[in-house]
Amino acid sequence: MKAIKKPKFIEVPFIGELALSGVRPILGIALGLLAGGVLIAVSGVNPFKAYKAMLQGAFGNRYAFSNVLVRSSPLLLGGIGVSLGIKAGVWNTGIEGYMYLGAVGAAVVGIPALGLPPVAHIILTLIVAMAFGAAWGLIPGYLRAYKGVNEVTSTIMLNYVAVFLTSWLVAEPQPLAEIGSFYPMSKLFQESAQLPILVRGTSLHPGAFIGLAVCVLLYFVLRYTPFGFRTRMLGFNPNAARYAGVNTRKQIMLLIIIGAMLGGLAGAIEVTGLKRRVYMNFVTGVGYESVAVALLAGGNPLGVIAAALFFSALKAGGATMSIQTNIGAPMTSVIIALCVIFVIGVGVSERRRLGKVQDNEKSEAVNEPKIKEEENVT
Amino acid sequence: MQDITKRFPGVLANDRISLECKKGEVLGLLGENGAGKTTLMNILYGLHQPDSGRIYVDGEEVRITSPSKAIHYGIGMVHQHFKLVDTLTVLENIILGIPSKKLLLDLAPARKYLLKLCEEYELFVDPDAEVGRLPVGQQQWVEILKALYRNVQILVFDEPTSVLTPAESDQLCRAIRRLTAEGRSIVFISHKLREVMEITDRVTIIRDGKFIGTIPTREATQLKLAQMMVGRPVSIVRKPRPALEEKKPVLVMKDVNVSDDRGVPALKNFNLIVNAGEILGVAGVDGNGQRELAECVVGLRKPASGTIHVRDRQITDVVADPSFVGFIPEDRQKTGLVLDFSVSENLIIKEYDKQPYIKNGVLKYPVIKKHARSMIEKYNLKTPSGEVKVRNLSGGNQQKVVIARELNLGPVLDIASQPTRGLDMGAVSNVHDTLLSERNRGAAVLFISAELQEVMALSDRIIVLFRGEIMGDIDGETADVSTIGQMMLGHPLEVGI
């Protein structure tokens with residue numbers, strides 16, 4: 001069984017790690033697409049045609065591709081936020097809620113005319129959004145780190161609170177709400193607080209590039225800074241981290257809060273770059289999709305980039321697919337879900353094999369103490 | 001049980017052990033920790049399969065492949081660590097696993113029978129209490145009642161009294177007598193001589209996985225049993241060493257009280273001084289506070305009261321500074337190492353945020369790798385390179401990584417907790433030499449080990465721990481096995497003899 005240990009020859013940090021962590025998701029995705037193809041065929045459509053339509057819808061022209069990038073923005077930021085936690089063994093599933101809080105924070109300073117120049121106003125908006133997200137993340141972070149409350153439960157519950165809090169804030173007669181609107185929404189953001197459109201005729205805002213930059217930055221932070229060292233140590237062996245003097249509680253709280261800041265940033269970018277207002281229920285499920293992104297990426301920041309782009313391509317292409325063929329739009333979600341399940345499934349079967357190796361080692365460690373030295377016997 | 005042999009990877013846990021328990025008798029199974037008692041009983045209960053040997057029940061050879069098979073043959077077991085579901089009630093725990101033909105649980109007859117059992121054996125528990133909320137003593141009653149409910153004829157107790165108060169122990173004894181009076185047989189595993197003398201009819205002693213002998217309890221004395229258990233009169237080869245010049249206290253513990261993970265007191269009003277240039281050996285059967293002692297000295301475990309000083313510094317928080325205190329933890333894989341980190345990373349897990357490994361907030365991997373190369377050479381680490389994951393090293397080399405990290409900077413206090421556990425002979429003597437040279441360098445060494453031989457070979461002074469208290473503090477040169485053996489079994493050193 002020992003042969004299954006991870007190969008030792010890959011020592012190039014960049015490519016080696018990618019190659020190693022890349023095989024599993026690619027196999028899982030291939031299986032997911034295959035299973036999706038079967039479902040498409042069952043519903044009476046040629047799967048090759050359907051997937052071709054999907055490809056065109058995602059990469060067919062620059063409008064299509066800019067659509068992919070726009071959709072990828074919250075997935076990149078949310079995905080890396082979740083991944084940070086995964087690296088330390090924490091499941092920060094509150095991205096949805098942080099996005100709502102971020103949007104609210106953005107609205108608080110982005111809607112009134114502050115007389116600021118555009119760049120300053122945008123930066124202020126994003127910073128306040130991150131602060132709102134962080135404040136929201138402080139709750140599950142503190143509860144997890146110092147009170148032992150399961151973070152999955154607390155973050156998901158707080159997501160509902162955040163959604164309804166936002167609904168209340170953008171409904172009349174609250175000051176942020178648009179007056180006399182048919183649907184609960186906030187007033188328009190100031191021009192100076194809106195993110196610029198990068199390509200005329202598309203809705204491409206810089207969100208995706210911010211997300212990409214954050215992913216690359218955090219890749220290096222995790223690898224080359226003491227903060228990253230602590231995080232990885234905590235993820236691999238919390239006992240050893242404590243023994244080595246890491247304040248593990250503080251670190252866990254920090255990681256959840258940083259995830260929350262990134263979620264808040266994602267929410268702010270959605271409303272200042274794309275929607276121009278905060279609508280009631282302006283995102284549904286993107287926060288949870290970013291958990292799936294992080295899962296697909298196995299917590300690796302560079303993997304997040306690939307996974308987020310893959311998801312958004314599926315989503316953007318899926319819309320085209322459902323127009324050109326007669327497959328309903330939900331099929332996209334089904335395919336995404338299949339991919340995630342297969343990636344996890346491949347991972348589980350791999351881990352089980354590795355686990356056996358470890359168990360053997362463990363039983364050795366437990367039983368070895370019984371060896372006694374005979375040399376002192378006369 | 002005849003000629004039972006069980007081999008685990010790298011160790012012979014049971015070597016041709018034979019054991020015979022007659023109807024209506026209490027058989028004691030005596031041996032040190034790790035002698036193979038529990039393994040033997042797990043084989044009897046179907047949790048392990050023997051590599052060779054036979055088991056007979058009522059004269060017929062049986063193959064016990066699972067606990068349910070064992071119960072089928074009338075063998076029950078009360079484990080050292082209870083196998084109960086904390087969130088279920090007593091009654092639910094007791095009927096758990098008994099197949100029922102009905103769709104719905106019919107608890108009424110079960111309750112009636114349980115109450116009858118409680119009455120009969122004077123083991124009173126509330127059938128509707130949640131097991132997790134019961135005191136440990138009562139949880140043990142539940143375990144016993146569970147076995148009786150299944151009408152077992154042979155009942156194995158694995159160190160039953162370690163969790164009981166004296167009054168509860170008496171109650172247990174009465175229950176055991178009643179059981180044997182009915183013709184049931186009891187196997188009573190323990191390393192406490194007093195109890196074994198009191199309750200058993202015959203005693204089987206095993207040591208290092210080998211069968212030593214079976215004697216009727218009437219013909220045994222505590223001393224004789226202790227000798228059989230701890231072993232042949234050993235001659236200890238002490239390593240030569242220069243004499244200690246003057247006593248300079250390094251570690252001073254005053255009235256320390258500390259609890260273990262379950263909240264049970266692990267050290268009671270504990271006072272200890274370790275001087276510079278001496279090895280203080282801590283002997284004792286595992287689980288008598290050794291682990292908590294090491295953990296509270298480095299601040300990983302907060303004492304409920306009392307003070308701990310190393311030199312002039314009071315320990316209030318985790319000390320992760322190997323130039324001050326070096327700590328070789330008892331479980332290197334769980335605590336001392338990050339198995340998925342490389343050797344070079346593991347060598348700096350306490351230093352990663354200090355010069356020269358960090359510059360301008362960025363880890364200097366070239367420096368870290370260079371450090372690893374020099375450490376590999378200095379400590380003779382057997383590894384293909386510093387970039388191999390520690391997981392892939394052998395146990396002895398993993399320990400060398402820990403030792404290299406903890407001792408390289410010359411700490412004033414070394415704490416070595418079971419540092420030779422699981423190592424082969426070469427690695428063991430390597431560790432011993434290292435500790436001795438640390439002593440000669442002038443470090444204070446707190447050396448905790450369950451292996452009496454190495455404690456006696458290495459220590460300048462020896463204390464013996466029993467249930468969180470020091471049974472005696474004796475000189476290492478003149479110490480003898482039987483004195484220490486007595487103290488390990490809970491008899492305090494009688495001053496003045």
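Residues numbered from 1 in each chain as written. Chains lettered and ligands numbered in written order. Predicted model: local features only at pLDDT ≥ 70, side-chain atom pairs only at ≥ 80, totals over all residues.

**What to know about the overall build of chain A**
In plain terms, the rule: Numbering goes from the N terminus for both helices and strands, where a helix is a DSSP run of H or I of at least four residues and a strand is a run of E of at least two. For the exposure call, what matters is how many other C-beta atoms sit within 10 Å of a residue's own: 20 or more marks it buried, 12 or fewer exposed, and in between partly exposed, using C-beta atoms placed from the backbone. A pair of residues counts as a contact when their C-beta atoms, built from backbone coordinates, are within 7 Å of each other.
Along its length, chain A carries 13 helices and zero strands. The helix and strand sequence of chain A, counted from the amino end, reads α-α-α-α-α-α-α-α-α-α-α-α-α. Within chain A, buried positions represent 49% of all 378 residues. A separation threshold of at least 6 residues defines the contact pool for chain A, and within that pool the share at least 24 residues apart is 77%.

**Side note on the domain arrangement of chain A**
All names here are of chain A. Inclusion rule: In this document the domain limits rely on a domain assignment from an automatic tool or a database.
With domains assigned, chain A is organised as domain 1 (74-299) and domain 2 (310-351). Taken over C-alpha atoms, the centre of domain 1 sits 24 Å from the centre of domain 2. Contact residues are listed per partner, giving six residues for domain 1 and six residues for domain 2. Looking at the side of domain 1 that touches domain 2, the element that brings in the most residues is helix α11 (residues 286-297), giving five residues.

**Some words on the pairing of strand β13 (residues 279-283) of chain B**
Residues and elements named next belong to chain B. We apply this condition: Here the rule is simple: two strands pair whenever DSSP picks up at least two bridges between them.
For β13, the buried fraction is high: five of the five residues fall into the buried class. Taking every second residue as pointing to the same face, both faces of β13 are buried, with Ile-279, Gly-281 and Ala-283 on one and Leu-280 and Val-282 on the other. Strand direction decides the pairing type here: β13 and strand β20 (residues 444-448), joined by four bridges, are parallel. The residue bridging Ile-279 from the neighbouring strand is Val-445, located in β20. Pairing of β13 with strand β21 (residues 461-466), which is carried by four bridges, proceeds in the parallel orientation. The residue bridging Gly-281 from the neighbouring strand is Ile-462, located in β21.

**Some remarks on the sheet that holds strand β19 (residues 413-417) of chain B**
Residues and elements named next belong to chain B. Stated precisely, the cut-off is as follows: Helix axes use the C-alpha atoms of the stretch in contact, all axes being lines fitted to C-alpha atoms, and the angles between their N-to-C directions lie in the range 0 to 180 degrees.
The mixed open sheet is built from six strands, whose spatial order is β16-β19-β20-β13-β21-β22. Both outer strands of the open sheet, β16 (325-328) and β22 (469-475), are each paired with one neighbouring strand and no more. Averaged over neighbouring strand pairs, the angle between their axes works out to 15 degrees when direction is ignored. Where β21 and β22 come together, six bridges link them in antiparallel fashion. Pairing of Leu-465 across the sheet is with Ile-470, part of β22. Along the sheet, helix α16 (residues 481-488) makes contact with β13, β21 and β22, crossing β21 at roughly 30 degrees.

**Thoughts on the environment of Val-298 of chain B**
All names here are of chain B. You can see Val-298 is positioned in the loop between α9 (290-297) and β14 (305-310). Judged by the 25 C-beta atoms lying within 10 Å of it, Val-298 falls in the buried class. Residues Val-298 and Val-274, spaced 24 residues apart in sequence, show a C-alpha to C-alpha distance of 14 Å. Among all residues touching Val-298, those that are not within four sequence positions of it are Val-318, Val-319, Val-325, Phe-327 and Ile-415.

**Some thoughts on the packing of helix α3 (residues 62-87) of chain A against helix α10 (residues 248-275) of chain A**
Residues and elements named next belong to chain A. Let me state the cut-off plainly: The scheme is simple: roughly parallel for angles under 35 degrees, roughly antiparallel for over 145, roughly perpendicular for 65 to 115, oblique for anything else. Residues are grouped as follows: Ala, Val, Leu, Ile, Met, Phe, Trp, Tyr, Cys and Pro are nonpolar; Asp, Glu, Lys and Arg are charged; all remaining types, including Gly, are polar.
Packing of α3 against α10 brings their axes to within 7 Å, and their N-to-C directions diverge by 175 degrees. As judged from the angle between their axes, α3 and α10 are roughly antiparallel. Contacts from Val-70, Ser-73, Pro-74, Leu-77, Gly-78, Ile-80, Gly-81, Val-82, Leu-84 and Gly-85 in α3 reach Leu-255, Ile-256, Ile-258, Gly-259, Leu-262, Gly-263, Leu-265, Ala-266, Ile-269, Glu-270 and Leu-274 in α10. Here the residues of the contact of α3 with α10 are counted per class, giving 14 nonpolar, six polar and one charged.

**As for the domain arrangement of chain B**
Splitting chain B by domain gives domain 1 (2-230) and domain 2 (249-340 + 389-488). Computed over C-alpha atoms, the centres of domain 1 of chain B and domain 2 of chain B are 34 Å apart.

**Focus on the pairing of β19 of chain B**
Residue and element names in this part refer to chain B. Burial runs high along β19: five of the five residues are buried. Burial of the side chains of β19 extends over both faces: Leu-413, Ile-415 and Ser-417 are buried on one face and Asp-414 and Ala-416 on the other. Where β16 and β19 come together, four bridges link them in parallel fashion. Looking across to β19, one finds that Ile-328 is bridged to Ala-416.

**Side note on the nonpolar core**
For clarity, the cut-off: The nonpolar core is taken to be a set of buried Ala, Val, Leu, Ile, Met, Phe, Trp, Tyr and Cys residues joined by way of C-beta atoms within 7 Å.
Grouped together as the largest cluster of nonpolar side chains are 248 residues, with contacts concentrated most on Leu-446 and Phe-447 of chain B. Counting residues per element, this core draws most heavily on α10 of chain A, at 14 residues. Look past the residues within four positions of Leu-446 of chain B in its chain and what remains in contact with it is Leu-251, Val-274, Leu-280, Val-282, Val-297, Leu-413, Asp-414 and Ile-415 of chain B.

**Some points on the confidence of the model for chain B**
The condition that has to hold: Each residue gets a pLDDT score, which is the predictor's confidence in that residue and runs from 0 to 100.
For chain B, the average pLDDT comes to 83, and 94% of its residues sit at 70 or higher. Across the interfaces of the predicted complex, the ipTM metric reaches 0.77, alongside a pTM of 0.73.

**A look at the sheet that holds strand β15 (residues 313-314) of chain B**
Residues and elements named next belong to chain B. The sheet built from four strands is open, its strands ordered β12-β11-β14-β15 with antiparallel pairing. Each edge of the sheet is formed by a strand with only one pairing partner; in this case those strands are β12 (265-275) and β15. As judged from the seven bridges shared by strand β11 (residues 249-259) and β12, these two strands associate in the antiparallel manner. Bridge pairing in β12 links Ser-259 to Pro-265. The sheet strands contacting α9 are β11, β12 and β14, and the helix crosses β11 at an angle near 120 degrees.

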